[in-house]
Amino acid sequence: MGEFKVHRVRFFDYMPTAIRAMAFNAHTERLALARMDGSVEIFNFTDHYFQEKVIPGKDSRSTESLCWVGGRLFSAGLNGEITEYDLENLRPKYSLEAYGGPIWTIISNTQGTQLAIGCEDGTVKLFEVLEEHIQFERNLDRQKGRIISLSWHPSGTHIAAGMMDMIRVFDVPTGHAVQRLLVDRGFGGSKSQETVVWSVAFLSDHTVVSGDSAGKVQVWDGHTGTLVKTHLVTKWDVLALSVSKDESSVVAGTSEGTVIQFQFIAPTLHQQQDKEWVRTRTFKNHTHDVRALAEIETAIVSGGMDTHLVVRPLLEKFDEKSHASGLRKIHFPHVSTEMAEITLVSNCLKKAGLLLFQFPGQLELWRLGDSDGHGKPGDRLPLKRKPEKLLLLKRKGEDHICCSALSSCGGWLAYSTVSCVRIYRLQTDNNNISITKVSKLPKALRSAHQLCFSSDSSKMFAASSQSSVLVIALTQSECKYVHTLKPKSGSRQPIHLMTTSVDGKWLAAANSDCEIRVYNLQKLKLHCIVPVYGSCPSAMGIHPTTNNMTVVHADQQLFEYSIVEKQYTDWSRKLQKQGLHNVWLDRDTPVTHVTFNPKNPNQVVLHDMHMFCIIDQSLPLPDQKTQFYNQMTLRSLSEQERPSHLHAFKICKTFQVSLLFLASLLDDQSLVVVERPLLAITSQLPAPVRQKKFAT
């Protein structure tokens, strides 16, 4: 692999926010996830759980609940509004005031024709789902307390509503409450406290399952309003419930961080006819509150205060051990490092050694430290100059920053929210930096999903709606609109990756439809479309000398495409013919960044969240019998034996306890690694309600 002087950058102190709600769409197999900062993420479960879209948050948006209706996504929150999202333009489509105070929950009926919301003022409000919007229909009987949770019976005729100390069952056609289920309060000192029914589930046989703040999961007969069984599962709250599609399983999430499964089975082998709800399994994959749950066909998906999204496979659903049967814990949204407000945007300037960090509310510009010392591998070198924060730029308005970019000369800085784009001119003089806002921008430049600059900093490219790219010319005095690069296929999906060639001739853009288009910037027209592969691109880069484009997909497949010849390179064809090593394919997190060694044209540098890899195309490819992680073996061999054990993939796994955001080589062959130790994230979380002690 070689030896590098490594800049281990740990001053990027981004803190992800807690997961508040989630909703799974069984038809499209997409999971929508809402965080406490108002952002919404869409994960594609058919494509290795890839996070394909992010809708930026907003200061005034508080999302308490999510709901799918067909391919449409709705949310409701404590600001009292129902919001429908535009999943093509990654923004709220519209928001509707419900006039019932804060909204605690939103659900839809099985037919997808109505929405129901639970409000602070004690009303359950019904809305009709129309083609372009929703329309208020009527209120059900108003109650004295707030409506915390709702569940619609599969037939659409009844709704169960969780409240304080009770559950109400409503008849939807008449709007009247037909049952009142009284929930017991806790034991001992908690008898004086109201019991909050945080979650309810209404099954097709009129069984109602509830989870409450007294730590109980209770099963009720919805016909008679009587309690069938009580499971005391925790001393704290049961916050979330989810039911399997066949209604044979219910999972509950608690404040302890546990997920508990109940199954509708016979309690003993001799009583096969008498089935009941039995507690069967307990999973402990979280340290804090489990606020959101979804039981899908083969796994239990959970998230909460510890910010992790956990996919826990149900092993009885798998015939044999496979990649899909492994536990996945997604520590950070694993999109490309230049996609969304919840990720790092870093642009390492080869000459100036600058880093741009993006946060939801601000941008930070840093200069790397420097050292002229030398030492053995693993030594810490003394700093001649410490890292320095040059600029802190706070956004305007309530909308969070969704993308940003820094030009290679260090003279231009741009960022975008869903409502506006701002461009700034930077001037550095020794340690002083001045910033000037560009006041007049082209009218076509309203917002962008992605931003990037040409290598000579003369143009800026903005990914706009319907997979189009705006070309903006930059001069000392103005920014001028030049052209719009539009796709011929008519795709409306947003662009999530964009990269330019060093010679300024080519621009490549990838969207959520797995399409990669290459544009000729001299002729300002489409040059070619890379053959569509079934998995979404997660990272790509154009080689500075050959103009070959390296593309890595969410399923870990790797391709090299010759832009000039409009075909895959011989090396790429050889790789696909032989096949990638199983160890490479079985990795959990996708590659998020591709760059190249400026001193060695045969080397491609890429990384995911936990490792970085140098692919040397001059070396033989590893077959399945080859030891993939062979760095320790190579060190123990003599110079004569070493060549027979070399292969193209050279992996460094030093960063197992950190999250890796950037690994890039500078011109002086020093390696910049931006990492975030996992311990630094967990140390900023509030104390859990229960901490594990030895032998307990």
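Only a predicted model underlies this, so the values are computations on that prediction, with no experimental measurement involved.

The number of helices and strands found in the protein is four helices and 54 strands. Expressed as a percentage of its 696 residues, the buried residues of the protein come to 58%. For the protein, contacts bridging at least 24 residues in sequence account for 48% of all contacts bridging at least 6.

With that out of the way, let us pick up the pairing of strand S22 (residues 238-243). Taking burial as the measure, the six residues of S22 include five buried ones, the bulk of the element. As paired elements, S22 and strand S23 (residues 249-254) share five bridges and run antiparallel to each other. Among the inter-strand pairings, Leu 241 is bridged to a residue of S23, identified as Ala 252. With antiparallel pairing between neighbouring strands as the criterion, S22 and S23 make up a hairpin whose turn holds five residues, including Glu 247 at a positive phi of roughly 60 degrees.

Here the focus is the pattern of salt bridges. Applying the stated criterion across every chain, the model contains 18 salt bridges. Here Arg 395 and Asp 59 are joined by a salt bridge, their closest N and O atoms 2.9 Å apart. With Arg 395 in the loop between strand S32 (388-394) and strand S33 (403-406) and Asp 59 in the loop between strand S5 (50-55) and strand S6 (63-69), this pair connects stretches of sequence that are 336 residues apart. A salt bridge links Lys 389 to Glu 364; the nearest nitrogen and oxygen atoms lie 3.6 Å apart. Remark: Glu 364 occurs in strand S31 (residues 362-367) and Lys 389 occurs in strand S32; sequence separation between them is 25 residues. For Glu 364, a relative accessible area of 5% gives the class buried.

What follows covers the confidence of the model for the protein. Should the pLDDT be low somewhere, the predicted coordinates at that spot are not to be read in detail. Counting all residues, the mean pLDDT for the protein is 86, and 87% of those residues have values of 70 or more. Within the model, pLDDT remains below 50 along residues 334-351, and this stretch shows 90 contacts once partners closer than five positions in the same chain are excluded.

The topology assignment puts Phe 43 in strand S4 (residues 40-44). Exposure remark for Phe 43: the relative accessible area of 1% places this residue in the buried category. The sequence separation of Phe 43 and Lys 53 amounts to 10 residues, and the corresponding C-alpha distance is 7.2 Å.

So, on to a positive patch on the surface. A cluster of basic side chains, namely Lys 488, Lys 523, Lys 525 and Lys 566, defines a positive patch on the protein surface. With respect to the helices, strands and loops of the structure, Lys 523 is situated in the loop between strand S43 (516-520) and strand S44 (525-530).

With that settled, consider the side chain of Ser 39. Tracing the backbone through its elements, the reader meets Ser 39 in the loop between strand S3 (30-35) and S4. The exposure class assigned to Ser 39 is buried, which follows from its relative accessible area of 0%. A polar contact of 2.8 Å, which involves the side chain of Ser 39, links it to the side chain of Asp 37.

Our focus in this paragraph is unusual backbone geometry. Non-glycine residue Glu 29 carries a positive phi angle of around 55 degrees. On the secondary structure map, Glu 29 appears in the loop between strand S2 (19-25) and S3. Look at Glu 29 and you get partly exposed, because its relative accessible area is 35%. Unlike most non-glycine residues, Tyr 99 shows phi in positive territory, near 55 degrees. Mapping Tyr 99 onto the fold places it in the loop between strand S9 (91-97) and strand S10 (103-108). Judged by its relative accessible area of 68%, Tyr 99 falls in the exposed class.

Most of strand S15 (residues 158-162) sits out of view: five of its five residues are buried. Burial along S15 is two-sided: the residues His 158, Ala 160 and Gly 162 and Ile 159 and Ala 161 are all buried. In this sheet, S15 lies alongside strand S14 (residues 149-152) in antiparallel orientation, the contact comprising four bridges. Counterpart to Ser 151 in the pairing with S15 is Ala 160. Hairpin connection from S14 to S15: five residues lie between these consecutive antiparallel strands, with Gly 156 at a positive phi of about 85 degrees. Sheet analysis places S15 next to strand S16 (residues 166-171), joined by five bridges and oriented antiparallel. In the sheet register, His 158 faces S16, and the bridge partner there is Asp 171. Linking two consecutive strands that pair antiparallel, namely S15 and S16, is a turn of three residues; a positive phi of about 70 degrees is found at Asp 165 within it.

Aromatic ring pairs are reported here in terms of the distance separating the ring centres and the angle at which the planes meet. For the structure on display, the rule yields 15 aromatic pairs. Ring geometry for Phe 264 versus Trp 277: centroids 5.2 Å apart, planes at 40 degrees, classification tilted. A residue pair is termed long-range when its members are at least 10 positions apart, and Phe 264 in strand S24 (residues 258-265) and Trp 277 in strand S25 (residues 276-284) qualify at 13 residues. Residue Trp 277 is classed as buried on the basis of its relative accessible area, which comes to 8%.

For the rest of this paragraph, the subject is the sheet that holds strand S18 (residues 197-202). As summarised here, the arrangement of the four strands in space is S18-S19-S20-S21, forming an open sheet in which the pairing is antiparallel. The open sheet terminates on both sides in strands that have one partner only, identified here as S18 and strand S21 (226-232). Averaged over all neighbouring strand pairs, the angle between strand axes comes to 20 degrees, with direction disregarded. Sheet analysis places strand S19 (residues 207-212) next to strand S20 (residues 216-221), joined by five bridges and oriented antiparallel. Each residue of the ladder has a partner; that of Val 209, found in S20, is Val 219.

What follows deals with the environment of Arg 8. Relative to the elements of secondary structure, Arg 8 occurs in strand S1 (residues 5-9). Here the alpha-carbon distance between Arg 8 and Val 672, two residues 664 residues apart in the chain, equals 6.5 Å.

Within the secondary structure layout, Asp 165 lies in the loop between S15 and S16. On the basis of relative accessible area, Asp 165 is assigned to the buried category, the value being 14%. If near-sequence neighbours (up to four positions away) are discounted, Asp 165 is found in contact with Leu 181, Leu 182, Val 183, Arg 185, Glu 194 and Thr 195.

Conventions adopted
Residues numbered from 1 in each chain as written. Predicted model: local features only at pLDDT ≥ 70, side-chain atom pairs only at ≥ 80, totals over all residues. Heavy atoms only, no water. Helix = DSSP H or I, 4+ residues; strand = E, 2+ residues; numbered from the N terminus. Buried < 20%, exposed > 50% of the residue type's maximum accessible area, 1.4 Å probe, protein only. Contact = heavy atoms within 4.5 Å. Pairing = 2+ DSSP bridges. Salt bridge = Lys/Arg side-chain N within 4 Å of Asp/Glu carboxyl O. pLDDT = per-residue confidence, 0-100. Patch = residues over 30% accessible without salt bridge, like charges linked within 9 Å, V, L, I, M, F, W, Y side chains within 5 Å. Areas by Shrake-Rupley, 256 points an atom, 1.4 Å probe, with all protein chains shown as cover. Lys, Arg positive; Asp, Glu negative; His and termini not counted. Charge placed at Lys NZ, Arg CZ, Asp CG, Glu CD. Polar contact = N/O pair within 3.5 Å; in protein donor to acceptor, adjacent residues only side chain to side chain. Phe/Tyr/Trp six-rings, centres within 6.5 Å; stacked < 30°, edge-to-face > 60°. Axes fitted to C-alpha atoms, helices over the stretch in contact; angles between N-to-C directions.

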